[in-house]
Structures are given as structure tokens and as C-alpha cells.
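Single-letter residue listing:
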Amino acid sequence: MSKAKQSEATGAGNGREDLNPFHIAQQQFDHAARYIPDLKAGLVEWLKRPNRMITVEFPIETEEGEVKNFVGYRCVHNLARGPGKGGIRYHPDVTADEVRALASWMTWKCAVLDVPFGGAKGGIICNPKKRTKEDLRKITRRFVSELGDAIGPHTDIPAPDVNTNAETMAWIYDTYDMMHKGRNNLGVVTGKPVNMGGSLGRNEATSRGCLYCTQQALAMGLVEGLDSVKGATVVVQGYGNAGAIAAQLYAEQGAKIIAVSDSRGGIHNPDGLDPDKVLDHKKKTSSVVGYPGTKEVSNEELLTIPCDILVPAALENVIRGDNAAEVQAKVIAEAANGPTTPAADAILFERGIQVLPDILANAGGVTVSYFEWVQNNENEQWEEDEVNGKMKAKMIKATEAVIEKQKEINASLKALEARRHERGRDGSPLAPVDLRTAAYVLAIARVADVTLERGIWP
Ligand code: NAD
């Protein structure tokens, strides 16, 4: 179901909640910017909007002999801290504003993790389930050639996202390399196959980082009565790269995976599921649905199953103003980008449900992408333990920094209000912030500082 139709069906978009992902990203930004009273007004406006948006339209000749046209986007949100970085998504519901939102979340994510990249993202409007592998290869190659020098190892570096994988990244690398012969082009894209300059640990990195973030937050006492993932009950929405591997890694740490889903629906067994066997079933049948010994549930129902940890790992806007009151998890670890809307955030905060926000919780992927890029530029191949260890250190540091930032802000609301007053900003009271806002404040301040330290060109 398209997002427009989905919001029509749920009523979530009927004037009550704006589900445009870019509007949501901007609302999140505006909310957080209020807690940085010294941020210059012009900088606020600039940081909110993307630096560049490229739209390309191109045909391919399909394996069936038809000519089909496609629209693709590549957005660079901000380059202050380094080259653009962000995945490429293939999905029929891709929109320009979704790509803008995803690009801006990449800027903040890289800043939270202190990874030296800016934010970017790409997408092609297509349904990969209806295209052959040969078609997808042509679509990828033509898209990369249309982008030309807009991407490059030191300008903008794509990676996998929904419905793209290591094979897609290999095609991107090969196409770019054919267009730029005679130099080391490996760093033009990350998430490549390991035998082609990919990093060990990249495939699992998003989910592994999500696990490290959850473990650290629980160890710091974020959720009363839950200090470890061991013995915790976990529900995972989405069973692709991020979701299936998250289920496996949480289970390895002693968690009980009680429900999972994909685009066709969900499965529930309160006694626990074996994530490897569920994945085998999905590989054989194309869906988790129908896995023996489970009760079928819809994706909507899945989100309301009582559990300790809910891991949304599919698409945006699944936890909204119209269903957040039904969520019965103690903590939400956002492996997906943008799964929770601002209206839902407010409800969850009020209910004391902690949300480990996407720009922190799923940042293991871009962190190991950064390590891949370093290895490519240095012609090195690091051991998997080294990759995981370095990523763990960064995830722990970022998780601590966000939790500390939340405490710092919430302890100084009156002082921040006074500073806003001094600066002539709107004087309405500042409410305590959740972890998402704290992460944004940390990230915005880092990007703003670098922008001003560099000095605005010219
Ligand atoms: P993927 O294509 O590998 O998997 C997506 C999964 O979501 C599939 O199982 C699909 O069936 C399921 N899905 C699609 N629509 C659904 C729906 N309406 N309800 C339930 N499930 C649905 O994609 P991925 O790479 O795992 O990405 C998933 C999320 O994680 C996205 O939000 C992406 O931006 C985010 N993410 C991915 C990476 C990465 O490195 N792959 C990094 C950071 C964040």
C-alpha cells in the first residue's frame, strides 16, 4: 500500500498528522534548535534545508524488450563535516521529500557518531519485486552514469538501503570505475562485497550497532528493571538486512524474539522464535508469514504486542499519533530511519517509553561504511573483530553522549529560556526533551560549530 493510501486508511494523515518525511525531519530540527539559543537564525534556515537535490529521468530496455522509464534522486543535505554519505533505496513509494528527509537524518547521524561525513541519500522509484536482476543492473548502471561526477570517493559516497545490497553496490562501483579508469575508485561506494573492497562486518553493522546502543543504554539505567538484553522479549518489524540480523544478534545475547514481520505480515509466538530458521523460511517462501508454530498478526498488531524491546526495522511512519498509545514496549530501538512521527514521540515520552532514535541507534551502518572507506583509501583489510571493536567504541561513546546531553538540557531549561529571552527569541517555556531531541541538539551544534570554524565561503 502506498504511503498516501496507508495514511488515508489509518486516518493518520487526515489533517491530524503530516506524514511527509521531510516535513517531519524539519519539525524535529525546529524543535531541537529551540534548545540551542545561540544558533544564528540564518544558520538555522540553512541547516534545515538540503544543499543540493538532483533528479534524473532515464529509460532502460527491459529483459522483456519493453522500454521503461525511471525517476531517481540523489540529495546532498550538508557537506560541512565531510563528503556526502548515505544509502540508495529502490522502492515504488520513493519520493523527493523522502530522500530529502533521509539525507538530512544522515547529516545528524554522522555528527552524533562523530564520523567525518556529511549527509546524503538517493532513491529510485521502482518496484524491485517486479524487475529481473538484469533490469536492476541496467537501472543501477544508468542511474550512476546519469549522476556522473555528482558522486565520487571524496564528494558523495552511496551505500545500501531498502532493496539494495552488496551486489547493487558492486554494480555502482563497477560503473563508476569504468567512467574513471586508472585510479583507486573503491571509496566511491560502501557496503560492497568483501572480495571487492567491502569491509568485514558491514553487512551486520546496522543491527550490531543497534544492539550495542541498546546494551549501553540499558546498562546506564535507561529503563527501570531492564538492565540487559539477556532475557528481554523482543519484537522486530521488517525482516531484511537490518531486521533479520538484529533478531539474530539480540537472540545471540540471550533475548527472546517473540514476533517478527515483513511487508506481507507478521508472526507471533510468545515462547520465542529461532531467527535463523525464520530467515530460512523467508528465503524459501519470500516471507516470514506461514512459519510453523506461529500466530499470524498484521504489521499494525505487531507494534502493540507487549514486549521489552521493539525494533522497527522497515520503513518510516509506522509508529504514529494514532497508534503510539497502543505500543506496549519498554524501549524502542530504531533500526529503521524515521519509524516514529513527532506526534508519536510526544505520546511515548509522556508514557515513559524510551526511544533510542534512528540517528543514534542505526548508526552502526554508516560507522562501518566509514571504516570501509578508510580501508579502501589506505588499501587495507581489517579483521572483523577490529571492525566490530572500533564500531562498538563509537556506538558506546555516542550513546553516552546523547543520554548525557538529555540530562544536561533537562537540568538547564530555565537557563536556556533566559538565554532565549536575552537573544530576543520566542519566549514560550521549554519542555523537557526526549533522546531524539537530545541527539539532534548534539548533532546540530557539532555541524554549526564546524560551519563557523571553517568560515562561511567566501
Ligand atoms: P531491506 O530491503 O533489506 O529490508 C526491508 C524489510 O522491511 C523487508 O523485510 C521488507 O519486507 C520489510 N518491509 C517493507 N515494508 C514493510 C511494511 N510496510 N511493514 C513491515 N515490513 C516491511 O532494507 P534494510 O536495509 O534492512 O532497511 C530497513 C530500514 O533500515 C530502512 O529504514 C533503512 O533506511 C534502515 N537502515 C538501513 C541500513 C543498512 O545499512 N541497510 C542502515 C541504516 C538504516
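None of these values were measured; they are calculated from a predicted model.

The subject of this paragraph is the overall build of the protein chain. The helix and strand tally for the protein chain stands at 16 helices and 12 strands. The C-alpha atoms of the protein chain give 21 Å as radius of gyration, which agrees with the globular expectation for 458 residues (23 Å, within 12%). The C-alpha extent of the protein chain, read off along each of the three principal axes, is 65 × 65 × 50 Å. Looking at the 458 residues of the protein chain, the share that counts as buried comes to 57%.

In the region of the ligand, 24 residues are neighbours, and Asp161, Asn163, Asn241, Ala242 and Asn337 sit closest. Arg202 places a side-chain nitrogen or oxygen 3.1 Å from an oxygen atom of the ligand. Contact distances for the ligand include 3.0 Å between an oxygen atom and a backbone N or O atom of Ala314. Look at the ligand: alone it shows 830 Å² of surface, and the protein chains cover 87% of it. Among the secondary structure elements, those contributing two or more residues to the shell around the ligand are helix H7 (202-219), helix H8 (241-252) and strand E7 (256-262). Counted by class, the shell around the ligand contains 8 nonpolar, 11 polar and 5 charged residues. Residue assignment places the shell around the ligand across two domains, with domain 1 (14-187) and domain 2 (205-356) each supplying three or more.

What the domain assignment reports for the protein chain is domain 1 (14-187) and domain 2 (205-356). For domain 1 and domain 2, the distance between their C-alpha centres works out to 26 Å. The contact between domain 1 and domain 2 buries some 1100 Å² in all, and 50% of this surface belongs to carbon and sulfur atoms. For domain 1, the biggest contributors to the area lost against domain 2 are Glu17, Leu19 and Trp105; these three give 36% of the whole. Linking domain 1 to domain 2 there are 1 salt bridge. Where Arg89 meets Glu316, a salt bridge forms, and the shortest distance between an N and an O atom there is 2.7 Å. The tally of links from domain 1 across to domain 2 stands at 6 residue pairs in polar contact (both at pLDDT 80 or more). Looking at the side of domain 1 that touches domain 2, the elements that each hand over two or more residues are helix H2 (21-33), strand E3 (84-91) and helix H4 (96-113). Its residues assigned to classes, the side of domain 1 that touches domain 2 comprises 6 nonpolar, 3 polar and 7 charged.

Excluding glycine, residues mostly carry a negative phi; peptide bonds, for their part, are mostly trans. The amide bond that connects Trp457 to the next residue, Pro458, takes the cis arrangement and shows omega of 5°. If you trace the backbone, Pro458 turns up in the segment after helix H16 (435-454). A positive phi angle, near 65°, is found at Asn163, a position not held by glycine. Counting through the fold element by element, Asn163 comes out in the loop between strand E5 (156-160) and helix H6 (166-179). Backbone geometry places Ser286, a non-glycine residue, at a positive phi of 75°. For Ser286, the position within the fold is in the loop between helix H9 (275-285) and strand E9 (295-297).

Relative to the 26 Å expected for 18 residues at 1.5 Å per residue, H4 spans 26 Å between its end C-alpha atoms, a close match to the ideal helical length. Most of H4 sits out of view: 17 of its 18 residues are buried. Asp114, located one to two residues past H4, shows a positive phi value of around 55°.

Rules used in this analysis
Residues numbered from 1 in each chain as written. Predicted model: local features only at pLDDT ≥ 70, side-chain atom pairs only at ≥ 80, totals over all residues. Heavy atoms only, no water. Helix = DSSP H or I, 4+ residues; strand = E, 2+ residues; numbered from the N terminus. Rg over C-alpha atoms; globule rule 2.2 N^0.38 Å. Buried < 20%, exposed > 50% of the residue type's maximum accessible area, 1.4 Å probe, protein only. Near = heavy atom within 4 Å. Polar contact = N/O pair within 3.5 Å; in protein donor to acceptor, adjacent residues only side chain to side chain. Areas by Shrake-Rupley, 256 points an atom, 1.4 Å probe, with all protein chains shown as cover. Nonpolar A, V, L, I, M, F, W, Y, C, P; charged D, E, K, R; others polar. Domains from an automatic or database assignment. Buried area = accessible area lost by both parts, 1.4 Å probe. Salt bridge = Lys/Arg side-chain N within 4 Å of Asp/Glu carboxyl O. Expected span 1.5 Å × (residues − 1).

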